[in-house]
2 protein chains.
Amino acid sequence: MAVQKITLFEQEPLDLVFGGRLDHIEVAYQTYGELNADKSNVVLLCHALTGDAEPYSTEPNSTGWWQNFMGKRLAFDTDKYFFICSNVLGGCKGTTGPASINPQTGKPYGGQFPNVIVQDLVRVQKALLDALQISHLHAVVGGSFGGMQATQWAIYYPDFVDNVVNLCSSLTFSAEAIGFNHVMRQAILNDPNFNAGDYYDGEPPAKGLAIARMLGMLTYRTDIQLAKAFGRATKAEGQYWGDWFQVESYLTYQGKKFLDRFDANSYLHLLRALDLYDPAVGFDNIKTALARIKARYTLVAVTNDQLFKINDLRKSKVLLEQSQVNLQYFEFASDYGHDAFLVDYDIFESKIRAGLENANTPPASTMIEFMI
Amino acid sequence: MAVQKITLFEQEPLDLVFGGRLDHIEVAYQTYGELNADKSNVVLLCHALTGDAEPYSTEPNSTGWWQNFMGKRLAFDTDKYFFICSNVLGGCKGTTGPASINPQTGKPYGGQFPNVIVQDLVRVQKALLDALQISHLHAVVGGSFGGMQATQWAIYYPDFVDNVVNLCSSLTFSAEAIGFNHVMRQAILNDPNFNAGDYYDGEPPAKGLAIARMLGMLTYRTDIQLAKAFGRATKAEGQYWGDWFQVESYLTYQGKKFLDRFDANSYLHLLRALDLYDPAVGFDNIKTALARIKARYTLVAVTNDQLFKINDLRKSKVLLEQSQVNLQYFEFASDYGHDAFLVDYDIFESKIRAGLENANTPPASTMIEFMI
């Protein structure tokens, strides 16, 4: 089924937290499973940085980003729940973003697209649910950037959400991670085709975006996984300054593949939204914000995550506990590092189930598995 | 004292391992301490990727890269040893490199500079010692890229070297680390000023080089150190796409500062030499190569090194032991990560002393300290 579209904020514009406003916001979304009679089985899925509205694809030769996690009796059980997923504001997969036509000029927003933060993204998701006449969520689930959205849902709308499941994401982004994002952004900004974001009439900043993506890939995996997959193997006809080693060829391929599916301006905006996410925005401090959460909160940490480091996950755990959030915390190792929440179904299945199943859940607790 | 210069390979050119040859190689070097009567107190210091011939500077308002490690009764004890340090072949701090004038064309080598690997660099260092009439080394010491040179010294010239001290460096570079180097190289190659390496008549690829350096800096430190130094502090007048956070401002500053002291072509060549270092080159396999080592070998690993990961240091330890090398191995944590060998004197002092002091040394052993 093709992605569905809806236009929101037609009567009143959305005033953005950092200033600026947007109206006629188009939102791409998808649903899976059946809504039950009392509408009590709705689960909102929030995608990560470069995801889209379709975690599961029904198209032939196409796979969604949680394809193997979703289906009858799987972690995201389509026999039980009604799932809704939408592309984020500022993205480029059907929801209004920098590549969309600005209704006031008839041209793409480009460099004029306003700055958006996680709080804005969540308010658009809330408007979508209102339009769909969904007045309660059994759960909000997200990994990485999606985990930040899930957290913000429970802060903004504490009575709306019963469960939050946050995978591989700390409450705020670390200095080191901001640093990686900074390098990625500079690679795009310095591309000769960038043109202050107004490149839709010409060549896009493809090389800069590919460099940014290659760096991202390195933070999403681990040294262990890359050593197993590539080691120091070389290519038969490698170029000295290009793809001499197999791992370089892999990164180059990933960088190029990304160009077909993502817009550089969206990448810039969403990277910055990652950096800037702070639950405290609009509240006295982070604990005041977290104390608003009424949902049961499941936090899943990967010890060898190289983007959201385990130190920061543990600090988040402590902050949630100090804010009296009903928390269950899991921690384990995976060679996949940060990407584990997208690929390591065997490890994540039980944690996602524990996060979604209110009935017969174990008491809130800390469970640490050592798997390496 | 100004750096000293000597011209080598005037009669016979140096045939490089990867093909190509160089003659009239100029080498910048510096010495510290006094050569004793029987020339038995010579220690060769090998610099890391962007180092130079002067670990200690006697100039006012200037500090060498091991300034705090060297002096009377310090780890590098100038009362005891005669230290020699030279800038590597391919560098840009006085020794022949891509920015040097090619005697055959009268212009800078630029894109024509031949590919050099660690084995070539070490043969130039050996030629320097021959010219200085040094026929034996008490020790060769190096960190990171310098540790690779130190290892190669003991493989090529097993009777010449009594002690090897290798700090924060594995025997080969990992797939992940090659990946980071790949991203850095692509940032330089994609700079509009790069011009296939022939940019000395115009503007250098400054932005690309700065991006590369910023990424390097992130691998040299740790999330812990950056969190302590910067956290999520913002700048008073930050630019949304520029230096919004303090950590971005720090990286931008480091990137710009690097432009004053380093050449993009040298950076490309030395990064590639890091990737390509393999002790097995010219031998049947790595164990055959390592089995040539007669020197006592000290390997110092930092558990939270983000460039040379601890898994690779431990594999190197095992390989050296399996090759019957007389090994002493230290392992400890430092918030400084990879850069610890340049800044964390308190931790490194005892290990460097243990590596240099043949007399009254403890038996070869594994010593693991947990300091975090």
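This structure is a prediction, so every number in the text was calculated from the model and none was measured. Residues take numbers from 1 onward in each chain, read along the sequence in its written order. All chains are assigned letters beginning at A, and all ligands numbers beginning at 1, according to the order in which they are written. Given that this is a predicted model, residues contribute local features only at a pLDDT of at least 70 and side-chain atom pairs are listed and counted only at 80 or more, while totals for whole chains, interfaces and linings are drawn from all residues. Calculation of side-chain values draws on the structure's entire complement of heavy atoms; hydrogens and water are dropped beforehand.

Enquirer: Could you give me a rundown of the UniProt feature "active site" (unreviewed entry) in chain A, with the residues and numbers involved?
Expert: All names here are of chain A. Here, UniProt's "active site" (unreviewed entry) annotation points to Ser144, Asp305 and His338. Of the residues just listed, which span 195 residues, no C-alpha pair is farther apart than 10.7 Å, and they cluster in one region. One can find serine 144 in the loop between strand S11 (139-143) and helix H2 (145-156). When near neighbours in sequence (up to four residues on either side) are disregarded, serine 144 contacts Ala48, Leu167, Cys168, Ser169, Phe308, His338 and Phe341. Here a strand is any run of E in DSSP of at least two residues, a helix any run of H or I of at least four, and the numbering for each starts at the N terminus. As for its position among the elements, aspartate 305 is in the loop between strand S13 (296-302) and helix H9 (310-322). Residue burial is assigned from relative accessible area. The probe radius is 1.4 Å, only protein chains are included, and a residue is buried under 20% of its type maximum, exposed over 50%, and partly exposed in between. Aspartate 305 gets classed as buried once you look at its relative accessible area, which sits at 3%. UniProt positions are given in the numbering used here, feature names are shortened, and annotations may be inferred rather than shown by experiment. Residue contacts are defined here by distance: any two heavy atoms, one from each residue, within 4.5 Å place the two residues in contact.

Enquirer: Lay out the packing of helix H3 (residues 175-189) of chain A against helix H4 (residues 206-220) of chain A in plain terms, naming residues and giving numbers.
Expert: All names here are of chain A. Note on definitions: angles span 0 to 180 degrees between N-to-C directions of axes, and those axes are lines fitted to C-alpha atoms, for helices only across the stretch in contact. It is at 7 Å that the axes of H3 and H4 come closest, and there the two elements cross at 160°. Relative to H4, the element H3 lies roughly antiparallel. Handedness of the H3/H4 crossing: right-handed. The segment H3 lies against H4, with Phe180, Val183, Met184, Ala187 and Ile188 engaging Gly208, Leu209, Ile211, Ala212, Leu215, Gly216 and Thr219. Orientation labels follow simple angle bins: below 35 degrees gives roughly parallel, above 145 gives roughly antiparallel, 65 to 115 gives roughly perpendicular, and whatever is left gives oblique. Should the near helix be turned anticlockwise from the far one by less than a right angle, the crossing is left-handed, and should it be turned clockwise, the crossing is right-handed.

Enquirer: Give a description of the relation of the copies chain B and chain A that names residues and reports values.
Expert: Residues reaching a pLDDT of at least 70 in both copies supply the C-alpha atoms on which the copies are superposed by least squares. Rotating chain B by 180° about the axis while translating it 0.0 Å along that axis superimposes it on chain A, leaving an RMSD of 0.0 Å. A rotation of that kind, with that shift, is consistent with a two-fold axis. When the interface residues of chain B are mapped onto chain A, 100% of them again lie at the interface, so the same face is used by both copies.

Enquirer: Provide a residue-level description of the environment of asparagine 41 of chain B, including the pertinent values.
Expert: Residues and elements named next belong to chain B. Residue position: asparagine 41 is located in the loop between strand S4 (25-32) and strand S5 (42-46). Judged by its relative accessible area of 5%, asparagine 41 is buried. Taking C-alpha positions, asparagine 41 is 7.1 Å from lysine 80, a pair spaced 39 residues apart along the chain. The contact partners of asparagine 41, leaving out residues within four places of it in the chain, are Glu34, Leu35, Asn36, Lys80, Tyr81, Phe82 and His138. Under this definition, polar contacts are N or O atom pairs within 3.5 Å; protein pairs additionally need one hydrogen-donor-capable and one acceptor-capable atom, and for neighbouring residues in sequence, both atoms have to be side-chain atoms. For asparagine 41, the side chain forms a polar contact with the main-chain nitrogen of asparagine 36, separated by 3.1 Å.

Enquirer: How would you sum up the pattern of salt bridges? Please name residues and give values.
Expert: Any Lys or Arg side-chain nitrogen found within 4 Å of a carboxyl oxygen on Asp or Glu counts as a salt bridge. Overall, the coordinates contain 38 salt bridges over all chains when judged by the stated rule. Here glutamate 331 of chain A and arginine 314 of chain A are joined by a salt bridge, their closest N and O atoms 2.7 Å apart. One end of the pair, glutamate 331 of chain A, is in strand S14 (residues 327-332); the other, arginine 314 of chain A, is in helix H9, and 17 residues separate them in sequence. Arginine 314 of chain A gets classed as partly exposed once you look at its relative accessible area, which sits at 39%. Shared partners join several salt bridges into a network, and the residues in it are Arg185, Arg272 and Asp275 of chain A together with Glu248 of chain B.

Enquirer: Which residues make up the UniProt feature "binding site: substrate" (unreviewed entry) in chain A, and what values go with them?
Expert: Residues and elements named next belong to chain A. Using the residue numbers shown here, the UniProt feature "binding site: substrate" (unreviewed entry) corresponds to Arg213 and Asp339. In sequence the annotated residues extend across 127 residues, while in space they remain close, none of their C-alpha pairs exceeding 14.1 Å. Secondary-structure assignment places arginine 213 in helix H4. If near-sequence neighbours (up to four positions away) are discounted, arginine 213 is found in contact with Thr50, Tyr220, Gln254, Gly255, Phe258, Arg261 and Tyr267. When you line up the elements, aspartate 339 lands in the loop between S14 and helix H10 (340-343). Sequence-distant contacts of aspartate 339, defined by excluding residues within four places in its chain, comprise Tyr220 and Arg221.

Enquirer: Can you tell me about the interface of chain B and chain A, naming the residues and giving the values?
Expert: On the chain A side, the residues contacting the 51 residues of chain B number 51 residues. Buried area counts how much accessible surface, traced with a 1.4 Å probe, disappears from two parts once they are put together, with both parts' losses summed. Roughly 4500 Å² of surface becomes buried between chain B and chain A when both sides are summed, with 64% attributable to carbon and sulfur atoms. When the buried area of chain B at its contact with chain A is split by residue, Arg232, Tyr240 and Trp241 of chain B rank highest and sum to 18% of it. Our enumeration of links across chain B and chain A arrives at six salt bridges. Of the charged contacts in the structure, one is a salt bridge between aspartate 223 of chain A and lysine 309 of chain B, with a shortest N-O distance of 3.9 Å. At the surface where chain B touches chain A, the tally comes to 28 residue pairs in polar contact (both at pLDDT 80 or more). The element contributing the most residues to the side of chain B that touches chain A is helix H3 (residues 175-189) of chain B, with eleven residues.

Enquirer: Please set out the pairing of strand S4 (residues 25-32) of chain A residue by residue, giving values where relevant.
Expert: Residue and element names in this part refer to chain A. With seven of eight residues buried, S4 lies mostly within the body of the structure. Between any two strands, at least two bridges found by DSSP are needed for them to pair. Direction of pairing for strand S1 (residues 4-8) relative to S4: antiparallel, over a ladder of five bridges. Directly across from leucine 8, in S4, lies its bridge partner isoleucine 25.

Enquirer: Explain the environment of asparagine 181 of chain B residue by residue, including any values.
Expert: All names here are of chain B. As for its placement among the helices and strands, asparagine 181 is situated in helix H3. Classification of asparagine 181 by relative accessible area gives buried; the value is 1%. On a C-alpha basis, the gap between asparagine 181 and serine 100 in space is 24 Å, while along the polypeptide they are 81 residues apart. Not counting residues up to four positions away in its chain, the partners in contact with asparagine 181 are Phe173, Leu271, Leu274 and Asp275.

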